[in-house]
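Here is what each chain is made of, one letter per residue.
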Amino acid sequence: MSVRASAAGIRERLKLVQENISRALERSGRRDRPRVLVATKYYEPEQISALREAGVRLVGENRAQDLIRKQELFGDAFEWHFIGHLQRRKAKLVVPRVSLIHSVDSVRLVEELARRAPEGGTDVLVQVNVSGEESKYGVSPGEVERLLEAAAASGKVRVRGFMTLAPLVEDPEDVRYVFAQLREIRDRLRGSWRPHFDLSELSMGMSNDYPVAVEEGATLVRVGRTLIEEDGSARRQDGS
Ligand SMILES: *Cc1c(COP(=O)(O)O)cnc(C)c1O
């Protein structure tokens, strides 16, 4: 991964991402704009400085130790989310440091988060393994409600919506069904769960597939490589 990434270069690529999002919104007739989260797991500290200079405000980390290390350097410069697999024993480190955990994937983790949550509770997304790939974390679609029940019973863990990781494919059209299914899960559960949870958030789409995810209703897209890579992956993406 290139360490060379000027704020100007990142700003240019970010502009391209925003333009691609605008076109995806137009194609799908949506008006609400998704937030762009920058996944910083590949970023060196100097690249994170450049992100800030380029106007990025929301970042996501995958590992508790990296989150702690980067927050020591950049603390208040960003809003921080946690997007990686979260081990229960790391929950107490992560909860006080982030405004949203995208990757809640077991009842036991919900219970641990409830124990570690501050008075006002903590915000999470349930990660759903829509594609059913063995290598992916996340609950199966059929298990989602068990987690919602555990969260509601805890009184401390607020589920704001859902997150998914699509399989890596050459053509993002091949994973459109993954994003569409996550939206369908959300829409199906939204009515009956409204008294407890708003369930409005859909965290889906990464560098190679975010325009398709936006067309299918993403409210949070998580991009990493496309802002720092030199290989032209930050190209204009027109969808199909
Ligand atoms: C790394 C990562 C991303 C960003 O992936 P890119 O391909 O670099 O855009 C998004 N979400 C999660 C959970 C990640 O780990």
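Not measured: the values here are computed from a predicted model. (Residues numbered from 1 in each chain as written. Predicted model: local features only at pLDDT ≥ 70, side-chain atom pairs only at ≥ 80, totals over all residues. Heavy atoms only, no water.)

**Observations regarding the environment of K41**
The topology assignment puts K41 in the loop between strand 1 (35-39) and helix 2 (45-53). Take K41: its relative accessible area is 38%, and that puts it in the partly exposed class. Taking C-alpha positions, K41 is 9.2 Å from L67, a pair spaced 26 residues apart along the chain. Setting aside anything within four residues of it in sequence, one finds K41 in contact with E61, N62 and K70. (Helix = DSSP H or I, 4+ residues; strand = E, 2+ residues; numbered from the N terminus. Buried < 20%, exposed > 50% of the residue type's maximum accessible area, 1.4 Å probe, protein only. Contact = heavy atoms within 4.5 Å.)

**Details of the UniProt feature "domain: Alanine racemase N-terminal" (unreviewed entry) in the protein**
Under the present numbering, the feature "domain: Alanine racemase N-terminal" (unreviewed entry) in UniProt falls on residues 17-227. Overall, residues 17-227 shows 38% helix and 18% strand. The separation of its end C-alpha atoms is 9 Å. (UniProt positions renumbered as here; feature names shortened; annotations may be inferred.)

**Topic: helix 7 (residues 176-193)**
Compared with an ideal rise of 1.5 Å per residue, which puts 18 residues at 26 Å, helix 7 spans 26 Å between its outermost C-alpha atoms and is within 8% of the ideal. Every buried residue belonging to helix 7 is among R176, V178, F179, A180, L182, I185, R186, L189 and W193, and all of these are buried. Structurally, helix 7 contributes buried residues whose contacts are with helix 6 (144-154), strand 6 (157-163), strand 7 (201-203) and helix 8 (210-215). (Expected span 1.5 Å × (residues − 1).)

**Points about the pattern of salt bridges**
With the rule as written, the count across this model stands at 18 salt bridges. Linking R30 and D32 is a salt bridge whose minimum nitrogen-to-oxygen distance equals 3.0 Å. In this structure R30 comes out as buried when scored by relative accessible area, which is 15%. Between R160 and D123 there is a salt bridge, and its shortest N-O distance comes to 3.5 Å. Of this pair, R160 sits in strand 6 while D123 is found in strand 5 (residues 122-127), placing the two residues 37 residues apart along the sequence. R160 gets classed as partly exposed once you look at its relative accessible area, which sits at 26%. Overlapping salt bridges, with partners in common, bring together R27, E173, R176, R183, E215 and E216 in one network. (Salt bridge = Lys/Arg side-chain N within 4 Å of Asp/Glu carboxyl O.)

**Observations concerning helix 6**
Those residues of helix 6 that fall on the buried side of the exposure criterion are V144, L147, L148, A150 and A151. For helix 6, the angular spread of buried residues about the axis comes to 160°, placing them on one side. Lining the buried residues of helix 6 we find strand 4 (100-104), helix 5 (107-116), strand 5, strand 6 and helix 7. Directly beyond the C-terminal end of helix 6, a positive phi value near 70° is found at G155. (Arc of directions from axis to C-beta.)

**What about the site of the ligand?**
The ligand sits among A39, K41, Y42, N62, I83, L165, M206, S207, R222, V223, G224 and R225. A distance of 2.7 Å separates an oxygen atom of the ligand from a polar side-chain atom of N62. R225 places a polar side-chain atom, nitrogen or oxygen, 2.7 Å from an oxygen atom of the ligand. Residue classes in the shell around the ligand are distributed as 6 nonpolar, 3 polar and 3 charged. (Near = heavy atom within 4 Å. Polar contact = N/O pair within 3.5 Å; in protein donor to acceptor, adjacent residues only side chain to side chain. Nonpolar A, V, L, I, M, F, W, Y, C, P; charged D, E, K, R; others polar.)

**A word on the packing of helix 1 (residues 7-28) against helix 2**
Contact geometry for helix 1 and helix 2: axes closest at 8 Å, N-to-C directions at 60°. In terms of orientation, helix 1 and helix 2 fall into the oblique class. The chirality of how helix 1 crosses helix 2 is right-handed. Every residue of helix 2 that contacts helix 1 at A7, I10 and R11 is listed here: Q47, A50, L51 and E53. (Axes fitted to C-alpha atoms, helices over the stretch in contact; angles between N-to-C directions. Parallel < 35°, antiparallel > 145°, perpendicular 65-115°, else oblique. Left-handed = near helix turned anticlockwise from the far one by under 90°.)

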